[in-house]
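# Commentary on secondary and tertiary structure
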Amino acid sequence: QVQLVESGGGLVQPGGSLRLSCAASGSIFRRLAMSWYRQAPGKQRDLVATITSSGVLNYANSVKGRFTISRDNAKNTVYLQMNSLKSEDTAVYYCNARAIFDLYWGQGTQVTVSA
């Protein structure tokens, strides 16, 4: 079983930056593919970024060049650095961990981009 706890959300002005963190429990973190998803009000949950266990990165087109996903296996933590934030980035951001047969979700953290 893996538990995920996100932190780092908040209110930021357009053009600003935030860094989200997701701390995972358990001893298998380094074998997990980690992702960030987001869900805006009235919309489906969409993939934002993924980092595999071997470090392969993938980003949604809407965040390429602005967001960076990274992981620290020694700390069992995955990060999402978000720069040049736009109002359309406003959403609840969820951490996701994927093992071979299991999928885990965090509780989500709110990011609001507004002047």
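Owing to the predicted nature of the structure, the values given are computational and were not obtained by experimental measurement. (Residues numbered from 1 in each chain as written. Predicted model: local features only at pLDDT ≥ 70, side-chain atom pairs only at ≥ 80, totals over all residues. Heavy atoms only, no water.)

## A few points about the nonpolar core
- Counting 30 residues, the largest nonpolar core has Leu4, Met34, Trp36, Val78, Leu80, Met82 and Tyr93 as the members making the most contacts within it.
- At the level of elements, strand S3 (18–24), strand S4 (33–39), strand S5 (45–51), strand S7 (67–72), strand S8 (77–82), strand S9 (91–98) and strand S11 (109–113) are the ones that each hand at least two residues to this core. (Core = buried A, V, L, I, M, F, W, Y, C linked by side-chain atoms within 4.5 Å. Buried < 20%, exposed > 50% of the residue type's maximum accessible area, 1.4 Å probe, protein only. Helix = DSSP H or I, 4+ residues; strand = E, 2+ residues; numbered from the N terminus.)

## Remarks on the packing of aromatic side chains
- Counting across every chain of the model gives two aromatic pairs.
- Pairing tyrosine 37 with tryptophan 105 gives two aromatic rings, centres 4.9 Å apart and planes at 65°, and the pair type is edge-to-face. A residue pair is termed long-range when its members are at least 10 positions apart, and tyrosine 37 in strand S4 and tryptophan 105 in strand S10 (residues 103–105) qualify at 68 residues.
- Where tyrosine 94 meets tryptophan 105, the ring centres are 6.5 Å apart and the plane angle is 85°; that geometry is what we call edge-to-face. Within this pair, whereas tyrosine 94 is found in strand S9, its partner tryptophan 105 is found in strand S10, the two being separated by eleven residues in sequence.
- Overall, tyrosine 94 belongs to the buried group, its relative accessible area being 14%.
- Overall, tryptophan 105 belongs to the partly exposed group, its relative accessible area being 35%.
- Members of the aromatic cluster, connected to one another through ring pairs, are Tyr37, Tyr94 and Trp105. (Phe/Tyr/Trp six-rings, centres within 6.5 Å; stacked < 30°, edge-to-face > 60°.)

## Points about the state of the cysteines
- This model, assessed by the stated rule, comprises one disulfide.
- The disulfide partner of cysteine 22 is cysteine 95, and the gap between their sulfur atoms is 2.1 Å. Taking the sign of the S-S torsion, -80° for the link of cysteine 22 and cysteine 95, the bridge is left-handed. Of the two residues, cysteine 22 sits in strand S3 while cysteine 95 sits in strand S9, which places them 73 residues apart along the sequence. (Disulfide = S-S within 2.5 Å.)

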